[in-house]
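Each chain is listed here by its residues.
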Amino acid sequence: MNTLTETDLQPEVKNEIYAFPCSVVQRIAWFLDRMSPATPMMNIAVRVRLEGALLVPRLKEAFLEIISRHEILRTTFDAPDGEPRQIVSPTIHFDLPHIDLRKLPAAERTARAERLAAEEALKGFDIEKGPLFRASVLQTDNEEFILLLTMHHMISDGWSIGIVTNELGELYEALTQQRPHSLPALAIQYGDYASWQQEWMNSEDYKSQLAKLKEKLDGFKPLILETDIARPASSCGTGQIRSLVLPRDLTNRLKRLSDERGCTLFMTMFSTFVALMYRDSRQPEIVIRTQSAGRDRVELEPLIGWLVNSLVLRNEVSGDMAFVELLDRVRNSVLESIDYQDIPFEALMEVLRPAPTPPRHPPFQVNFIFQRDLVAPWRRAGVSMTPIPSKAAGTFCDLNFFLVERADGWRASVDVNGDVFHVETGEQMLHRFAKLLESVASNPSQKISAIDFPPVLRKSRQRGEAPEVSACYVAPRTAVEEKIASIWEDILRVRPIGVTANFVDLGGHSLLAVPLLVRIKEQFGLSIPLAQLFADPTVEAMARVIERPGPAEAKKVVPIQPAGSRHPFFMIGGDHWFRHLARRLGPDQPFLGLSLQPYEQLPKPATFQEIANDLAALLVEIHPEGPFFLGGWCVDGAVAYEVGQRLTAMGREVGLIVLMDVVNPFYKRVCRTKLSSATRLARRIVDLVRDAGRLQGRDAGRHFRDGLLDISARVQRALFPSRYGEEPDQAIIQNDPSRQEFRCLLYRSEDLYTPGPNRTPLLLIRSQVDRYQDPDLGWRKVALGGLETVEVPGDHIGMFREPEVEAVAAALWNRLEPLS
């Protein structure tokens with residue numbers, strides 16, 4: 001590519017608002033956001049400690065100056081013609097909340113700060129409204145603060161965080177000392193880079209590089225590691241980070257080895273990791289994804305934005321190979337990959353064809369990152385800043401392994417996807433990697449088969465789902481279905497594909513979904529949202545959308561598991577996020593979702609009663625004979641309850657209503673009252689005094705201290721309910737494919753809804769509640785037809801993940817079987 005120049009850039013200008021094309025990574029991220037709005041997996045969450053006489057208003061002014069310097073911080077996204085674009089505004093709202101924790105007991109401040117940091121890391125962004133970054137200050141002592149900084153990946157990467165913190169220090173000091181800052185003006189902005197990238201990707205140079213890279217990598221066999229939990233149909237990417245610091249002496253010896261072999265420390269560390277992956281997988285070819293900063297030009301170095309790019313490193317390994325031989329091969333592979341570092345990884349994945357893998361297995365199960373600490377400590381105007389470990393916002397792969405050099409040495413960490421691996425597996429990997437480094441440093445000439453690899457100590461494997469059942473092949477019946485099936489076969493490399501086959505079960509994932517939908521648009525001239533593919537991932541469903549487009553044809557029934565001889569179970573608000581629950585019920589149990597997404601488009605928000613009337617009529621239309629077995633999770637469970645009421649009023653038989661962690665809205669409102677809160681608090685104090693009296697010595701003191709902290713938290717919850725989960729649960733909103741605005745409206749509608757008596761049998765499947773909460777969550781008084789309560793492991797969301805979902809399925813199956 002040529003050097004960027006401003007004369008090449010012609011942005012569209014309208015009322016001082018600039019429109020730029022999206023970069024490749026932004027475009028992919030936009031599609032992913034449409035599939036799962038406000039997902040925390042796109043968050044970059046950072047914490048730094050500030051010590052000294054900090055002036056928070058000055059810190060806010062420094063942030064405002066950074067926003068003024070960098071257009072990307074004033075950027076939002078829209079798609080007027082179905083294609084996303086960047087919209088740069090002249091100003092954007094920014095606030096810097098200052099949360100003072102000094103009034104809390106000292107022992108509770110740290111816990112509260114940790115909790116607030118975790119909540120902040122998991123809070124999503126609205127990419128259309130913005131802003132796409134936020135910051136807040138937690139004050140834990142007179143001169144001790146924690147700055148929480150969260151940025152959406154569409155406007156940032158790890159390098160960008162370092163730019164923000166570095167500029168923050170200089171601007172804070174300049175404002176405090178009332179002097180001009182010393183930061184140079186930016187030569188270009190991120191929108192310029194995106195325009196430049198788009199132009200280059202239309203060039204012959206780009207096409208030539210892409211063709212050569214495709215030739216090098218095509219047909220690679222993805223790395224396949226044995227998982228602790230069978231892979232679910234869809235993953236929330238919940239991450240848990242574990243770390244350890246490598247000894248200085250060890251990393252110094254590895255650096256000397258690297259110098260002797262003409263390698264970088266990255267090459268040596270990466271070679272060791274490749275050897276570990278070889279030992280665990282026994283694959284002769286180890287293909288791992290890694291990252292480059294993407295800032296090989298001077299004008300890009302000071303730019304905030306998503307410039308980091310992924311590289312694919314393909315490595316041949318054998319047990320008879322000496323480690324130094326592997327190191328030499330890795331060195332050559334890395335140097336060759338640098339020639340192609342400008343090829344966007346996402347564009348490469350549109351043309352690259354890996355070898356076949358098991359269903360739902362990602363092409364890159366493991367990622368490896370090696371970098372210096374991008375957030376450099378500083379001391380400015382009497383305030384010092386030091387980075388502290390961040391909270392996990394979510395991981396985009398199963399095992400994200402990263403090495404970061406900090407003041408205390410090289411820190412090895414792994415971010416573990418809890419949907420497929422136990423966190424203990426990540427911890428073992430770290431310790432095994434450290435021991436392997438020691439072995440390599442001591443004898444780099446030894447054969448890989450002779451290296452002393454610590455064994456993998458696994459728990460008993462927990463199978464995530466029932467065995468796969470081969471669905472009957474249903475051939476395409478129309479010309480549209482034939483064309484769609486052909487596209488699916490090309491993208492997924494599976495033949496033949498029937499019209500009822502599930503995209504996810506065939507190995508489909510988000511990186512394959514985008515090129516698939518691009519091909520559909522090219523063939524039929526129609527853009528199908530990723531959310532539609534997620535809601536109903538079959539060829540016949542896609543054909544229905546193409547043949548009958550438009551909101552009037554919006555399909556409310558989601559065939560999560562449509563086949564089976566038993567009466568269907570209807571999940572209100574259900575989609576393929578509940579697919580693993582459906583599979584646990586077995587192939588003979590139809591499991592259908594009734595989507596609430598069509599109600600998002602209504603000009604006036606629908607009430608519980610209006611939605612229930614509509615869904616009851618739909619159920620009678622699609623299952624006229626009955627009986628009806630209904631269920632719903634959280635607030636959707638209250639909708640399911642009301643649908644059952646309407647069906648009964650219509651003279652239809654309702655066999656069972658399943659309330660999955662659903663609180664009776666009337667009971668919820670009663671619990672919020674000050675009298676109820678005070679009563680529960682008084683009971684807690686009485687229990688605390690009584691229990692402490694039974695203990696002696698240190699145990700009594702510890703019990704009493706923990707109890708006081710709990711009481712303090714309960715008082716805070718009673719006084720400030722909106723801060724403690726009495727508003728719509730953000731975790732639920734983020735994991736629900738419906739839009740946040742609609743979910744919030746549904747919660748508010750619930751506040752006005754009081755369930756009436758019901759003679760239908762009720763089954764309450766709930767996660768654990770504390771002793772001061774009604775174990776029946778307020779449903780007993782209205783359950784004239786009987787109420788059975790089953791407590792299952794896992795929390796409000798975790799109860800639907802493996803392996804906990806097995807208990808939910810067992811409770812449901814036992815009640816459906818005799819009634820069907």
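Look up a bit, the structure's there.
Note that the coordinates shown come from a computational prediction; the quantities given were computed from them, not determined experimentally.

> Kindly report on the overall build of the protein, identifying the contributing residues and their values.
When you go through the protein residue by residue, the secondary structure sums to 24 helices and 23 strands. Relative to all contacts within the protein whose residues are 6 or more apart in sequence, the contacts with residues 24 or more apart total 76%. When the accessible surface of the protein is totalled, it reaches about 35,400 Å², and 52% of it is carbon and sulfur.

> Break down the pairing of strand S21 (residues 654–660) for me, citing the residues and quoting the values.
Among the seven residues in S21, seven count as buried, and that is most of the element. Bridging between strand S20 (residues 628–633) and S21 involves six bridges; their strand directions are parallel. Across the sheet, residue Gly632 finds its bridge partner in S21, namely Leu659. In this fold, the crossover linking S20 to S21 by way of helix H18 (residues 635–649) has right-handed handedness.

> Quick rundown of the pairing of strand S10 (residues 285–292)? Include the residues and the values.
Regular strands place their side chains on alternate faces of the sheet. S10 sits mainly inside the fold: seven of its eight residues count as buried. Summarising the sheet, S10 and strand S11 (residues 309–316) pair through eight bridges and their orientation is antiparallel. Residue pairing in the sheet places Thr290 in a bridge with Leu311 of S11. As paired strands, S10 and strand S12 (residues 366–372) are joined by two bridges and run parallel to one another. Along S12, the bridge assignment pairs Arg289 with Asn367.

> Could you give an account of empty space enclosed by the protein, with specific residues and numbers?
The full count for this structure, using the stated rule, is six cavities of 30 Å³ or more. In terms of lining, the largest cavity is formed by 19 residues, of which the most central are Tyr193, Gln197, Leu307, Asn309 and Asp342. For the lining of the largest cavity, the secondary-structure elements that each account for two or more residues are helix H1 (24–35) and helix H5 (190–200). Looking at which element gives the most residues to the lining of the largest cavity, the answer is H5, with four residues.

> Residue-level account of the sheet that holds strand S17 (residues 557–561), with values.
Strand order in the open sheet made by the seven strands is S17-S19-S18-S20-S21-S22-S23, with mixed pairing throughout. Edge positions in the sheet fall to S17 and strand S23 (787–791), since each of these pairs with one other strand and no more. In this sheet, adjacent strand axes meet at a mean angle of 20° when their direction is disregarded. Across four bridges, strand S18 (residues 569–572) lies against strand S19 (residues 591–594) in parallel orientation.

> Any details on the pattern of salt bridges? Residues and values, ideally.
Pairing between side chains becomes possible if they bear opposite charge and their charged atoms approach one another. All told, the structure shown has 40 salt bridges when counted by the stated rule. The shortest N-O distance in the salt bridge between Arg58 and Glu61 comes to 2.9 Å. With a gap of three residues between them, Arg58 and Glu61 both fall in helix H2 (residues 56–69), about one helical turn apart. What makes Arg58 partly exposed here is its relative accessible area of 29%. Residue Arg815 is joined to Glu788 by a salt bridge in which the shortest nitrogen-to-oxygen separation is 2.4 Å. Taken together, the residues Arg815 in helix H24 (residues 805–816) and Glu788 in strand S23 connect sequence positions 27 residues apart. One salt-bridge network, held together by shared partners, links Glu170, Glu173, Arg179 and Arg380.

> Describe the packing of helix H7 (residues 248–260) against helix H8 (residues 265–281), with residues and values.
Put simply, H7 and H8 touch, their axes get as near as 8 Å, and they point 105° apart. Here H7 is positioned roughly perpendicular relative to H8, judged by the angle of their axes. Residue-level contacts link Thr251, Leu254, Lys255, Leu257 and Ser258 of H7 to Leu265, Thr268 and Met269 of H8. Across the contact of H7 with H8, the residue classes break down as four nonpolar, three polar and one charged.

> I'd like a description of unusual backbone geometry, backed by residues and values.
The step from Arg495 to Pro496 runs through a cis peptide bond, and the omega angle for that step is -10°. Tracing the chain through its elements places Pro496 in the loop between helix H12 (479–492) and helix H13 (510–524). Of the consecutive residues Gly626 and Pro627, the connecting peptide bond is found in the cis state with omega at -10°. Mapped onto the secondary structure, Pro627 falls in the loop between helix H17 (608–622) and S20. Backbone geometry places Gln178, a non-glycine residue, at a positive phi of 55°.

> Mind laying out the environment of Arg253, listing which residues take part and the relevant values?
Note on placement: Arg253 falls in helix H7. When the C-alpha atoms of Arg253 and Ala441 are compared, they prove to be 6.2 Å apart, with 188 residues separating the residues in sequence. Non-local contacts of Arg253, meaning those with residues more than four positions away in its chain, are made with Glu438, Ala441 and Ser442.

> Outline the packing of aromatic side chains, supporting the account with residue identities and numerical values.
As enumerated under the stated definition, the model contains 24 aromatic pairs in all. Ring centres 5.4 Å apart and planes at 10° place the aromatic pair Phe94 and Phe133 in the stacked group. Of this pair, Phe94 sits in the loop between strand S5 (85–88) and strand S6 (98–100) while Phe133 sits in strand S7 (residues 133–141), and the two are 39 residues apart along the sequence. Judged on exposure class, the residue Phe94 and its partner Phe133 are both buried. On the numbers, 5.4 Å between centres and 25° between planes, the contact of Phe220 with Phe364 is stacked. Pair noted here: Phe220 is in the loop between helix H6 (204–217) and strand S9 (239–245) and Phe364 is in the loop between helix H10 (345–351) and S12, with a separation of 144 residues, a long-range link. Neither Phe220 nor Phe364 differs from the other in exposure class; each is buried. Ring pairs connect the aromatic residues Phe266, Phe270, Phe273, Phe368, Phe370, Phe401, Trp410 and Phe433, which therefore count as one cluster. The positively charged end of Arg134 is found above the aromatic ring belonging to Phe125, 4.1 Å away from the centroid. Above the plane of the ring of Tyr278 lies Arg282, whose end atom (NZ or CZ) is 5.9 Å from the centre.

> Explain the sheet that holds strand S14 (residues 383–388) to me, using residue names and the numbers behind them.
Read across the open sheet, the six strands follow the order S6-S7-S8-S3-S14-S13; overall the sheet is mixed. The open sheet is flanked by S6 and strand S13 (378–380), the only strands paired with a single partner. Ignoring which end each strand starts from, the neighbouring axes of this sheet average 25° apart. Bridge analysis of S13 against S14 gives three bridges, and the strand direction is antiparallel. Paired with Arg379 across the bridge in S14 is Ser384. Sheet strands touched by H2: strand S3 (43–52), S6, S7 and strand S8 (144–152). Its angle to S7, the strand with the most contacts, is close to 160°.

What counts, and at which threshold
Residues numbered from 1 in each chain as written. Predicted model: local features only at pLDDT ≥ 70, side-chain atom pairs only at ≥ 80, totals over all residues. Heavy atoms only, no water. Helix = DSSP H or I, 4+ residues; strand = E, 2+ residues; numbered from the N terminus. Contact = heavy atoms within 4.5 Å. Areas by Shrake-Rupley, 256 points an atom, 1.4 Å probe, with all protein chains shown as cover. Buried < 20%, exposed > 50% of the residue type's maximum accessible area, 1.4 Å probe, protein only. Pairing = 2+ DSSP bridges. Right-handed = clockwise from strand over helix to strand, strands pointing away. 1 Å grid on protein atoms, 1.4 Å probe; cavity = no way out; pocket = protein on both sides within 12 Å on 5 of 7 lines; lining within 4 Å. Points joined across faces, edges and corners; volume = space filled by probe spheres on them. Axes fitted to C-alpha atoms, helices over the stretch in contact; angles between N-to-C directions. Salt bridge = Lys/Arg side-chain N within 4 Å of Asp/Glu carboxyl O. Parallel < 35°, antiparallel > 145°, perpendicular 65-115°, else oblique. Nonpolar A, V, L, I, M, F, W, Y, C, P; charged D, E, K, R; others polar. Phe/Tyr/Trp six-rings, centres within 6.5 Å; stacked < 30°, edge-to-face > 60°. Lys NZ or Arg CZ within 6 Å of the ring centre and 35° of its normal.

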